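# Structural overview for review
This is what each chain is made of:
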Amino acid sequence: MNIEQFVARSEGQWRAMRSAHALAFKQFEDVVSTIKIERLASNNQDVVDYLALQSIAPGSISSPFQMTWQAESDWEPDDATAVSQGTCILIPLPETERTGQLLRSTGYAEAESAVSSYNFLDDGTFILKTVYSQSIAEERIWFLSEHVRCRSSVLRTSEGSGILQTSFSSEIRRIEN
């Protein structure tokens, strides 16, 4: 698999159920979310603006996309109905057929822009590694079928020596009639 195929397979609206174990807090969290992934044109103004901010030439990108999410967690002790939501632009910069970098306007583990490295395993598993200022995140995404995918993540300390959080998510694509 390459990044273009991965983005094409990921497009759509997904319903996700995620279980996370925050080792630092000794707590479990269950999250139900809706994730929308849509491809963006290379000349989309948000893409162009973000590339300019990063001083990157538009010709080096492939398959930019936007991810929007809305999540409900059982970990909100003050307000059990609180909803977390956001949006992020992701811009792949392929280096080879199976490796590259991914620019993220908002990171997964920390709410800051980030540059992640990615690669694909022989079985098509997408591995994304992001070094943030406070932590290191490694995500794995793989497809079980056309409309079912899984995602796991490990969040480590910034030195990489300790594990802060682990999670597993199963995601099912909404099929339009």
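Cut-offs used in this document
- Throughout this document, residue positions are counted from 1 along each chain, in the order its sequence is written.
- It should be noted that, the model being predicted, local features are given only for residues of pLDDT at least 70 and side-chain atom pairs only at 80 or more, the latter also being counted only at that level, while totals for whole chains, interfaces and linings use all residues.
- Derived side-chain values reflect all non-hydrogen atoms in the structure, with water molecules and hydrogen atoms excluded from consideration.
- Only DSSP runs of H or I with at least four residues qualify as helices, and only runs of E with at least two residues qualify as strands; both kinds are numbered from the N terminus onward.
- Radius of gyration here is computed from C-alpha atoms only, and the compact-globule reference equals 2.2 Å multiplied by the residue count raised to the power 0.38.
- The buried label applies to any residue whose accessible area, calculated with a 1.4 Å probe on protein chains only, is under 20% of its type's maximum; exposed applies above 50%, and partly exposed to all values in between.
- Surface exposure here means Shrake-Rupley accessible area, sampled with a 1.4 Å probe, where a residue is shielded only by the protein chains that are shown.
- Put simply, buried Ala, Val, Leu, Ile, Met, Phe, Trp, Tyr and Cys residues joined by side-chain atoms within 4.5 Å make one nonpolar core.
- The contact criterion used is simple: two residues touch if any of their non-hydrogen atoms lie within 4.5 Å.
- Just to be clear on terms, a salt bridge is a Lys or Arg side-chain nitrogen sitting within 4 Å of an Asp or Glu carboxyl oxygen.
- Side-chain rings of Phe, Tyr and Trp (the six-membered ring for Trp) are treated as a pair once their centres are within 6.5 Å; stacked means planes under 30 degrees apart, edge-to-face means over 60, and tilted covers the remaining angles.
- We count a charge as sitting over a ring when the NZ of a lysine or the CZ of an arginine lies within 6 Å of the ring centre and within 35 degrees of the ring normal.
- For the purposes of these results, a polar contact is taken to be a pair of N or O atoms within 3.5 Å, where, inside protein, one atom must be able to donate a hydrogen and its partner to accept one; residues adjacent in sequence count only when each atom of the pair is a side-chain atom.
- Pairing between strands is defined by DSSP: at least two bridges between them are needed.

### Let's talk about the overall build of the protein
Check the secondary structure of the protein and you find two helices and 10 strands. Counting from the amino terminus, the protein carries its helices and strands in the arrangement α-β-β-α-β-β-β-β-β-β-β-β. A globule of 177 residues ought to have a C-alpha radius of gyration of about 16 Å, and the protein, at 16 Å, matches this closely. Reported as C-alpha extents along the three principal axes, the dimensions of the protein are approximately 45 × 45 × 35 Å. In the protein, which comprises 177 residues, the share counted as buried stands at 38%. Total accessible area computed for the protein in this model is approximately 9,800 Å², and 50% of it derives from carbon and sulfur atoms.

### Comments concerning the nonpolar core
Within the largest apolar cluster, 17 residues are counted, with the highest numbers of intra-cluster contacts made by Ile3, Phe6, Phe65, Leu102, Tyr118, Phe120 and Phe126. Within the residue set of this core, elements represented by two or more residues are α1 (3-10), β1 (12-22), β2 (27-39), β4 (83-94), β6 (114-120), β7 (126-131) and β8 (135-145). The greatest single-element share of this core, amounting to three residues, is contributed by α1. In contact with phenylalanine 120, not counting residues within four places along its chain, are Met1, Asn2, Ile3, Phe6, Arg98, Thr125 and Phe126.

### Overview of unusual backbone geometry
Positioned with a positive phi, serine 55 is a non-glycine residue whose angle comes to about 55°. In this structure, serine 55 sits in the loop between α2 (45-54) and β3 (65-73).

### With respect to the environment of serine 133
Tracing the sequence through the fold places serine 133 in the loop between β7 and β8. Along the sequence, serine 133 and glutamine 5 sit 128 residues apart, while their C-alpha atoms lie 31 Å from each other.

### A look at the pattern of salt bridges
The final tally for this structure, using the stated rule, is six salt bridges. Ionic pairing is found between arginine 98 and aspartate 122, a salt bridge with its closest N-O pair at 2.7 Å. One end of the pair, arginine 98, is in the loop between β4 and β5 (99-104); the other, aspartate 122, is in the loop between β6 and β7, and 24 residues separate them in sequence. Under the relative-accessibility criterion, aspartate 122 is labelled exposed at 72%. Residue arginine 149 is joined to glutamate 171 by a salt bridge in which the shortest nitrogen-to-oxygen separation is 2.5 Å. With a gap of 22 residues between them, arginine 149 in strand β9 (residues 148-157) and glutamate 171 in strand β10 (residues 163-173) connect regions that are remote in the sequence.

### Here we look at the packing of aromatic side chains
Inspection of the entire model under this criterion finds eight aromatic pairs. An angle of 35° between the planes, with centres 5.7 Å apart, marks the rings of tyrosine 118 and phenylalanine 126 as tilted. The class of phenylalanine 126 is buried, set by a relative accessible area of 3%. Taking the ring centre of phenylalanine 143 as reference, the NZ or CZ of arginine 9 above it sits at 4.2 Å. If you follow arginine 149 out to its NZ or CZ, it ends over the ring of tryptophan 14, 4.9 Å from the centre.

### Brief notes about the environment of serine 10
Its location among the elements puts serine 10 in helix α1. In this structure serine 10 comes out as buried when scored by relative accessible area, which is 2%. When residues no more than four places from it in sequence are discounted, the contact partners of serine 10 are Ile37, Phe143, Arg149 and Arg173. Side chain to side chain, serine 10 and arginine 149 meet in a polar contact 3.0 Å long.

### A word on the pairing of β2
Of the pairings in the sheet, the one linking β1 to β2 comprises 11 bridges and is antiparallel in character. In the strand pairing of β2, histidine 21 is matched with phenylalanine 28. The antiparallel pairing of β1 with β2 creates a hairpin that spans four residues between the two strands, and lysine 26 there sits at a positive phi of about 55°. Bridge count between β2 and β3: nine bridges; the pairing is antiparallel. Bridging from a neighbouring strand, isoleucine 35 pairs with tryptophan 69 of β3.

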